[in-house]
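Chains, contacts and geometry: an overview
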Amino acid sequence: MRFVDLSPEVSVDDLLRGLERPDMSGITLARNVRTFAAALDQKVPLEREELLVALSGIQTGGIASTAEDFDPSERARNREVLLPNVRLANGAYITTREGA
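Quick caveat, the model's predicted, so the values are computed rather than measured.

1. Comments concerning the overall build of the chain
The secondary structure content of the chain amounts to 3 helices and 2 strands. Ordered by position from the N terminus, the helices and strands of the chain form the series α-α-α-β-β. Going through the 100 residues of the chain one by one, you find that 12% of them count as buried. The long-range share in the chain, meaning contacts at least 24 apart out of those at least 6 apart in sequence, stands at 29%. Accessible surface computed for the chain: about 8,400 Å², of which carbon and sulfur atoms make up 55%.

What follows is the structure, encoded as structure tokens:
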């Protein structure tokens, strides 16, 4: 969504232009993907496999919430939402294990 407005009217051309449209930091989605691919290429096969398996297990929107989870000022009767569980794969190294 940082790169393309995902409205019902979005076209294929809009999506393709979004690959080269910089976000607020000046970085394009295409650059993020190339950076991730280059980082993946530098890994040994076992590391690459572990990373790809971990990424394939990530789900978005899989956290259900109800009105009781919100501040009273934000509540609506019978409100239920799916909170996004979004990850960004951009080639940056993040330590995920304790002591690693």
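2. Focus on the packing of helix H1 (residues 12-20) against helix H2 (residues 29-41)
Contact geometry of H1 with H2 gives a least axis separation of 4 Å together with a crossing angle of 65°. Contacts from Gly-18, Leu-19 and Glu-20 of H1 reach H2 at Leu-29, Ala-30 and Arg-34. Here the residues of the contact of H1 with H2 sort into 3 nonpolar, 1 polar and 2 charged.

3. A few points about the pattern of salt bridges
Tallied over the full model, the rule gives 1 salt bridge. Across the pair Asp-14 and Arg-17 runs a salt bridge whose closest N-O atoms are separated by 2.5 Å. On the criterion of helical spacing, the pair formed by Asp-14 and Arg-17 is a turn pair, its members being 3 residues apart in helix H1. When its relative accessible area of 24% is taken as the criterion, Asp-14 is described as partly exposed.

4. Focus on the confidence of the model for the chain
Parts of the prediction with low pLDDT should not have their coordinates interpreted in detail. Across the chain, pLDDT averages 74, with 56% of residues at or above 70. Taken element by element, the predicted model of the chain shows its lowest mean pLDDT in strand E2 (residues 80-83) (55) and its highest in H2 (91). Predicted confidence is poor over residues 95-100, with pLDDT under 50, and the contacts of this stretch with residues over four places away or in other chains come to 2 contacts.

5. Some thoughts on the environment of Lys-43
Counting through the fold element by element, Lys-43 comes out in the loop between H2 and helix H3 (45-56). A relative accessible area of 26% places Lys-43 in the partly exposed class. When near neighbours in sequence (up to four residues on either side) are disregarded, Lys-43 contacts Arg-48 and Leu-51.

6. Brief notes about a nonpolar patch on the surface
Taken together, Val-12, Leu-16 and Leu-19 make up a surface patch of nonpolar side chains, about 270 Å² in accessible area. Relative to the assigned elements, Val-12 resides in helix H1. You can call Val-12 exposed: its relative accessible area is 59%.

7. Notes on H2
The terminal C-alpha atoms of H2, which comprises 13 residues, lie 18 Å apart, in line with the 18 Å expected from a rise of 1.5 Å per residue. Turning to H2, its buried residues are Ala-30, Asn-32, Phe-36 and Leu-40. Down the axis of H2, the smallest arc covering the buried residues is 160°, so these residues share one side. In H2, those exposed residues whose orientation departs by more than 90 degrees from the buried face are Arg-34 and Asp-41. Among the structural elements, H1 and H3 are those in contact with the buried residues of H2.

The rules behind these values
Throughout, residues of each chain are indexed from 1 in the direction in which the sequence is written. Reporting in this predicted model follows two pLDDT cut-offs: at least 70 for local features of residues, and 80 or more for side-chain atom pairs to be given and counted; totals over whole chains, interfaces and linings ignore these cut-offs and use all residues. As a rule here, side-chain values cover all heavy atoms of the structure and leave hydrogens and water aside. A helix here means a DSSP run of H or I that spans at least four residues, while a strand means a run of E at least two residues long, and both kinds are numbered starting from the N terminus. Under the scheme applied here, a residue whose accessible area is under 20% of the maximum for its type counts as buried, over 50% as exposed, and between as partly exposed, the area being computed with a 1.4 Å probe on protein chains only. Any two residues whose heavy atoms approach within 4.5 Å at even a single point are treated as in contact. Where accessible areas are quoted, they stem from the Shrake-Rupley method and a 1.4 Å probe; at the residue level, only the protein chains shown are allowed to cover. Inter-axis angles, ranging from 0 to 180 degrees, are taken between N-to-C directions of lines fitted to C-alpha atoms, where helices are fitted over the stretch in contact. Under the scheme applied here, ten amino acids are nonpolar (Ala, Val, Leu, Ile, Met, Phe, Trp, Tyr, Cys and Pro), four are charged (Asp, Glu, Lys and Arg), and all others, including Gly, are polar. Only one rule defines a salt bridge in this text: a Lys or Arg side-chain nitrogen within 4 Å of an Asp or Glu carboxyl oxygen. A score between 0 and 100, pLDDT records how confident the predictor is in each residue. Only residues whose relative accessible area exceeds 30% and that form no salt bridge are eligible for patches; like-charged ones are grouped when within 9 Å, while nonpolar side chains (Val, Leu, Ile, Met, Phe, Trp, Tyr) are grouped when within 5 Å. In a helix, the anticipated span is given by 1.5 Å times the number of residues less one. The directions considered for the arc are those from the helix axis to the C-beta atoms.

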